[in-house]
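Survey of secondary and tertiary structure
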Amino acid sequence: LPAINEGGVFGTPATILPVDALADVPVLSNEEAEYGRNSGAVVNLVTKSGTNNFHGSAYEFFRNTALNARNYFNSSGQQDAFHNNQFGGSLGGPIIKDRTFFFASYEGQRESGGIPAPSSIPTQAQISSYLAGGGSINPISQSILNRNPWGPLPAGDPANPGPASEVLTTPFTNTIDSLIAKIDQHLGAHGGDLLTGRYYYGNSHQSFPLAIVGGGVVPGFNTTTPTRVQIVSLSYTHIFSPKLLTEFRGGWNRFAEQFLAQDINFNPASIGLETLPPGTSPRDYGLPLIQFNDGTASIGANISVPRGRVDTNWQFFNNTSYTSGKHSWKYGFEFRRTSVNGFFDAGYRGGLNFDSFEGFLEGTPSGGRSAEGSSQRVTYQNSYALYVQ
């Protein structure tokens, strides 16, 4: 579950477990020694299995703007857009009657909408007034203006040149595809032994404004989050005798996620803005975060991106149970190897501050920062555990 339900932007789960894959969700308290890793309540997720009969399901849940109530702060004017479609299905049944069974479940999610926010936008009147006063536009600033980072600039009032107050709606999207498949094979003369294999695949792409630690609301500079999760597990339960039973279980999971600038395909060096040192990875491309002290809406993605990590976990454990008269014994062993390969290129795209929009036109920043070097880090941990009960 921690790999499947890991959060993306705003803590929104990046991938999800298909709801129809769940047979049972027992919550354990005062749990036995085999759950000794955690001191609180233990939540187990039990995946459905196939049976001798075919069973399937299909479903869809949806929300859309036409059916939604208005947000408290959106009591008039155009209603905030929000659409969510969550759909899926499952199918399980026999491959070989009484021996081999399969189960598979898929769930998808398509979410989109817009986040409105009041913003102070430069106007054509501001630019005309600046030029009429003898100012000149820096070539790099002109190249940025040519990209329409605020969208088409409003005309403004030539008699009173200044910024325009507008409500900008920044679109967001969340696309998720999740699939889980399971095969159960009963072994032995009476089918008492059980071999189970399970595979989960989740893929998602999120695009949200503001990111995690602030940023602008101007469209085009969202934080995008591609995520891919894979989990493989195998288990074998063997009955030696009515008194002795053992279970071997192993698993592997991989969680890969990145937080990237929406305009990552734009190389700032193409307009002469050398914010990146030579040899910088293309993952650091995108317009620098440009902020203004006069209240003009900032442009550029959050300065904390890009960043990302790949978490890989291997696990193996054994549980053995033995019953003799009035006594029951249970003991086992667990091994886990966890590795994290990540990077955090905070500030690599650079940030520029301007006292005013006119200072931006002139090309005279009042401050800024940038970072360089290798932020790649690899860590790992091996853990071993024994218990007897």
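Description of the structure in this document. Residue numbers run consecutively from 1 along every chain, following the written order of its sequence. Only residues with pLDDT of at least 70 get local features here, since the model is predicted, and only at 80 or more are side-chain atom pairs given and counted; chain-wide, interface and lining totals rely on the full set of residues. With hydrogens and water set aside, each side-chain value is computed from the structure's full complement of heavy atoms.

Secondary structure elements are taken from DSSP: a helix is a run of H or I of four residues or more, a strand is a run of E of two residues or more, and numbering for both begins at the N terminus. Along the backbone of the chain there are three helices and 17 strands. A compact globule built from 389 residues should have a C-alpha radius of gyration of about 21 Å, whereas the chain, at 28 Å, is more than 25% larger. In terms of its C-alpha atoms, the chain occupies a principal-axis envelope of roughly 100 × 50 × 35 Å. Within the chain, contacts between residues separated by at least 24 positions form 71% of all contacts whose residues are at least 6 apart in sequence. When the accessible area of the chain is evaluated, it comes to approximately 20500 Å², of which 56% is carbon and sulfur surface. Residues scored as charged are limited to Lys and Arg (positive) and Asp and Glu (negative), so that His and the chain ends carry no count. Lys charges are placed at NZ, Arg charges at CZ, Asp charges at CG and Glu charges at CD. Taken as two groups, the 24 positive and 29 negative side-chain charges of the chain have centres that lie 12 Å from each other. As defined in this context, the radius of gyration uses C-alpha atoms, and a globule is described by 2.2 Å times the residue total to the power 0.38. Note on definitions: a residue-residue contact is assigned when non-hydrogen atoms from the two residues lie within 4.5 Å. In these tables, accessible area is a Shrake-Rupley quantity obtained with a 1.4 Å probe, and a residue counts as shielded only by the protein chains included in the view.

What follows concerns the sheet that holds strand 15 (residues 351–354). Spatially, the three strands line up as an open sheet ordered 12-15-16, and their pairing is mixed. At either margin of the open sheet sits one strand with a lone partner, and together these are strand 12 (289–292) and strand 16 (367–369). Taking each pair of neighbouring strands and ignoring which way they run, the sheet shows an average axis angle of 15 degrees. Strands were regarded as paired on the criterion that DSSP finds at least two bridges between them. Across four bridges, strand 12 lies against strand 15 in parallel orientation. Bridged to isoleucine 290 within strand 15 is leucine 352. In this analysis, axes come from line fits to C-alpha atoms, helices being fitted only over the stretch in contact, and the angle between any two N-to-C directions falls in the range 0 to 180 degrees.

Residue placement: asparagine 84 occurs in strand 6 (residues 82–96). Of note is the side chain of asparagine 84, whose polar atom sits 2.9 Å from the side chain of glutamate 111. What asparagine 84 contacts, discounting residues up to four positions off in sequence, is Phe61, Phe62, Arg63, Gln109, Arg110 and Glu111. In protein, a polar contact means a hydrogen-donor-capable atom and an acceptor-capable atom, both N or O and within 3.5 Å, with residues adjacent in sequence counting only if both atoms are side-chain atoms; elsewhere, any N or O pair within 3.5 Å suffices.

Moving on, we come to unusual backbone geometry. Here the amide bond leading from valine 305 into proline 306 is cis, since omega sits at 10 degrees, within 30 degrees of zero. With respect to the secondary-structure elements, proline 306 resides in the loop between strand 12 and strand 13 (307–324). Phi is positive for aspartate 98, close to 70 degrees, though the residue is something other than glycine. Relative to the helices and strands, aspartate 98 is located in the loop between strand 6 and strand 7 (100–121). With phi around 50 degrees, asparagine 148 is a residue other than glycine that occupies positive phi space. Mapping asparagine 148 onto the fold places it in the loop between helix 2 (139–146) and strand 8 (164–187).

In this section: a nonpolar patch on the surface. Patch membership requires over 30% relative accessible area and the absence of a salt bridge. Like charges are linked within 9 Å, and nonpolar side chains (Val, Leu, Ile, Met, Phe, Trp, Tyr) within 5 Å. A carboxyl oxygen of Asp or Glu within 4 Å of a side-chain nitrogen of Lys or Arg is what we treat as a salt bridge. A grouping of Phe248, Phe316, Phe333, Tyr384 and Leu386 is seen on the molecular surface, where their side chains present a nonpolar patch of about 560 Å² in accessible area. With respect to the helices, strands and loops of the structure, tyrosine 384 is situated in strand 17 (residues 377–388). Each residue is placed in one exposure class: buried if its accessible area under a 1.4 Å probe, protein chains only, is under 20% of its type's maximum, exposed if it is over 50%, and partly exposed if it falls in between. Accessibility expressed as a relative area gives 59% for tyrosine 384, which makes it exposed.

As a further point, take the layout of surface pockets. Using protein atoms alone on a 1 Å grid, points that fit a 1.4 Å probe yet trap it form a cavity, whereas open point sets bounded by protein on both sides within 12 Å along at least five of seven lines form a pocket; residues with an atom within 4 Å of a point count as lining. Grid points are joined across faces, edges and corners, and a volume is the space filled by probe spheres set on the points. Put simply, the second largest pocket is a space of about 240 Å³. Forming the boundary of the second largest pocket are 14 residues, of which Asn74, Gln78, Asp80, Pro116 and Val167 lie nearest the centre. At the level of secondary structure, the elements contributing two or more residues to the lining of the second largest pocket comprise strand 7 and strand 8. Here the lining of the second largest pocket takes three residues from strand 7, the largest share from any one element. Three residue categories are used. Nonpolar comprises Ala, Val, Leu, Ile, Met, Phe, Trp, Tyr, Cys and Pro, charged comprises Asp, Glu, Lys and Arg, and polar comprises the others, including Gly. Residues belonging to the lining of the second largest pocket are distributed by class as follows: five nonpolar, eight polar and one charged.

Attention now moves to helix 1 (residues 124–132). Buried within helix 1 we find Ala125, Gln126, Ile127 and Tyr130. Elements that come into contact with the buried residues of helix 1 comprise strand 7, helix 2 and helix 3 (357–362).

Ordered by their spatial adjacency, ten strands build an open sheet running 5-6-7-8-9-10-11-13-14-17, and the pairing between neighbours is antiparallel. Looking along the sheet, the strands with just one partner apiece sit at the ends: strand 5 (55–63) and strand 17. Direction aside, the axes of adjacent strands within the sheet are offset by 5 degrees on average.

Okay, helix 2 next. Listing the buried residues of helix 2 in full gives Ser141, Ile144 and Leu145. The buried side chains of helix 2 occupy one side of the element, clustering within an arc of 100 degrees when seen end-on. Turned more than 90 degrees from where helix 2 packs its buried face, Pro139 and Asn146 sit exposed. Of the surrounding secondary structure, the elements contacted by the buried residues of helix 2 are helix 1, strand 12 and helix 3. Of the residues flanking the start of helix 2, the one acting as N-cap is asparagine 138, its side-chain oxygen 2.8 Å from the backbone nitrogen of isoleucine 140. Of the residues flanking the end of helix 2, it is asparagine 148, one or two places downstream, whose phi is positive at about 50 degrees. The directions from the helix axis to the C-beta atoms form the arc being described.

What follows deals with the pattern of salt bridges. Tallied over the full model, the rule gives six salt bridges. Note that arginine 110 and aspartate 177 form a salt bridge whose closest N and O atoms lie 3.0 Å from each other. Taken together, the residues arginine 110 in strand 7 and aspartate 177 in strand 8 connect sequence positions 67 residues apart. Classification of arginine 110 as partly exposed rests on a relative accessible area of 30%. With a closest N to O distance of 2.3 Å, glutamate 247 and arginine 249 form a salt bridge. Its relative accessible area of 15% is what places glutamate 247 among the buried residues. Judged by relative accessible area, arginine 249 falls into the partly exposed class, the value being 36%.

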